[in-house]
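Next come the chains, spelled out residue by residue.
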Amino acid sequence: MTAVLRAHGLGKRYGRRWALSDCTLEVPSGRVVGLVGPNGAGKSTLLNLAVGMLAPSTGTIEVLGGRPADGPAQLAKVGFVAQDTPTYPGLSVEEHLQLGARLNPAWDDAVARARIDQLGVDPAQRAKNLSGGQRAQLALTLGIAKRPELLILDEPVASLDPLARREFLQDLMEAVAEHELSVVLSSHLVSDLERVCDHLIVLVGSRVQLAGDLDALLATHHRLTGPRRDETALPADQHVVSASHTERQSTFLVRTDAPIYDPAWSVGQPDLEDVVLAYMGQRTTDRERRPVLEVLR
Ligand SMILES: Nc1ncnc2c1ncn2[C@@H]1O[C@H](COP(=O)(O)OP(=O)(O)OP(=O)(O)O)[C@@H](O)[C@H]1O
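Residues numbered from 1 in each chain as written. Predicted model: local features only at pLDDT ≥ 70, side-chain atom pairs only at ≥ 80, totals over all residues.

Asks: When you look at the overall build of the chain in this model, what are you seeing that I'm missing?
Replies: Per the secondary structure count, the chain includes nine helices and 14 strands. Taking 297 residues into account, the globule formula puts the C-alpha radius of gyration at 19 Å, and the chain, at 21 Å, falls close to it. Dimensions of the chain along its principal axes, counting C-alpha atoms only, are 65 × 40 × 30 Å. With 297 residues in all, the chain has 38% of them scored as buried. A separation threshold of at least 6 residues defines the contact pool for the chain, and within that pool the share at least 24 residues apart is 69%. (Helix = DSSP H or I, 4+ residues; strand = E, 2+ residues; numbered from the N terminus. Rg over C-alpha atoms; globule rule 2.2 N^0.38 Å. Buried ≥ 20, exposed ≤ 12 C-beta atoms within 10 Å, placed from the backbone. Contact = placed C-beta atoms within 7 Å.)

Here it is as structure tokens:
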């Protein structure tokens, strides 16, 4: 797999507290990759390490074959829209574009101006007077017009209403199609990720619990419902992700590449949110013992 991002044993510590520890993962190139996980999983820390805003305390991270923020060429290859979609409050939209042109060697002014025009934002307006959605769109515009090879977005739609979110993601998809970008996008909104991503990474407590292409993830996870039984009675090739029982009935979410023939089961197709929540809900004390699941087809 060609990777745009490779981390090995990566950790970031603040005093005695680890924000990210022993994180090992690969993010495939040419994809829109969704990064999802519970609060405090280390997603923002990982993304900030990837763009060189933070330096690792332990381990290594490689982005597009280089060290994050290691010189102008590396900086030019990676675009970043941080969690709070940062803009300069006192600067106008026009001044943001001029700054973008000055700071980025591959700046595409035509793309930037066309986007601002299309959004109907007045270039003379100061960023502090834009709505949250407009500010997010301005930050995305700066990220796209930089013409990076990899665009990293940390929860860019968190503060947007559903319509603004949809427009933002639509615009992102258009940029991906036009500019052959690789994208890493973190979000808590699995339905949004499902709409725009083709690969998903579930990070829980710094560990990759699940990684794979969306269609493969969906094709290999099944919900089994039937008479109560213990999970040890399931075939070895059925990895139990979650289990719940009533007095008479058991429900399992399992991952398997093999067909399920047992006539006692009623087999259902979980949606992506069910799958993600099941992995996020796994007890962290189990973490060390479970294998990382990599689903690639
Ligand atoms: N500057 C900091 N100083 C101390 N601890 C920090 C700092 N930044 C993050 N942390 C801690 O590191 C852990 C991971 O934080 P991080 O922001 O990376 O998680 P996240 O997965 O992005 O969470 P969320 O989904 O809530 O945004 C958290 O426990 C957080 O409290």
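Asks: Got a minute to help me understand the UniProt feature "domain: ABC transporter" (unreviewed entry) in the chain in this structure?
Replies: With numbering matched to this structure, UniProt assigns "domain: ABC transporter" (unreviewed entry) to residues 5–230. The annotated region residues 5–230 carries 36% helix and 30% strand content, and the separation between its end C-alpha atoms amounts to 40 Å. (UniProt positions renumbered as here; feature names shortened; annotations may be inferred.)

Asks: Sorry if this is basic, but what is going on with the nonpolar core here?
Replies: Considering soluble globular proteins, one finds that nonpolar side chains tend to be buried as a cluster. V33, I152, I201 and V202 are the most contacted members of the largest nonpolar core, which has 75 residues in total. The biggest single contributor to this core is helix α5 (residues 132–145), with seven residues. Inspection of this core shows a minimum of three residues originating in each of domain 1 (3–205) and domain 2 (215–295). Residue contacts for V33: discarding those within four places in its chain leaves V27, P28, V183, V184, L185, C197, H199 and I201. (Core = buried A, V, L, I, M, F, W, Y, C linked by C-beta atoms within 7 Å. Domains from an automatic or database assignment.)

Asks: In this structure, what is going on with the site of the ligand? I would like to understand it.
Replies: Within the structure, the ligand sits among Y14, R17, A19, G37, N39, G40, A41, G42, K43, S44 and T45. Secondary structure elements with two or more residues in the shell around the ligand: β2 (17–28) and α1 (43–50). With three residues, the single largest contributor to the shell around the ligand is α1. Of the residues in the shell around the ligand, the class split is three nonpolar, six polar and two charged. (Near = placed C-beta within 6 Å. Nonpolar A, V, L, I, M, F, W, Y, C, P; charged D, E, K, R; others polar.)

Asks: I keep staring at the packing of helix α3 (residues 93–103) against α5 and nothing clicks. Help me out?
Replies: Helix-helix packing is characterised by the crossing angle of the two axes and by the distance between the axes. One can describe the packing of α3 onto α5 by two numbers: an axis separation of 10 Å at closest approach and a directional angle of 20°. Taken together, the axes of α3 and α5 are roughly parallel relative to one another. Along this stretch, α3 crosses α5, giving a crossing that reads as right-handed. Across the interface between the two elements, V93, H96 and G100 from α3 touch L138, L142 and A145 from α5. Of the residues in the contact of α3 with α5, the class split is four nonpolar, two polar and no charged. (Axes fitted to C-alpha atoms, helices over the stretch in contact; angles between N-to-C directions. Parallel < 35°, antiparallel > 145°, perpendicular 65-115°, else oblique. Left-handed = near helix turned anticlockwise from the far one by under 90°.)

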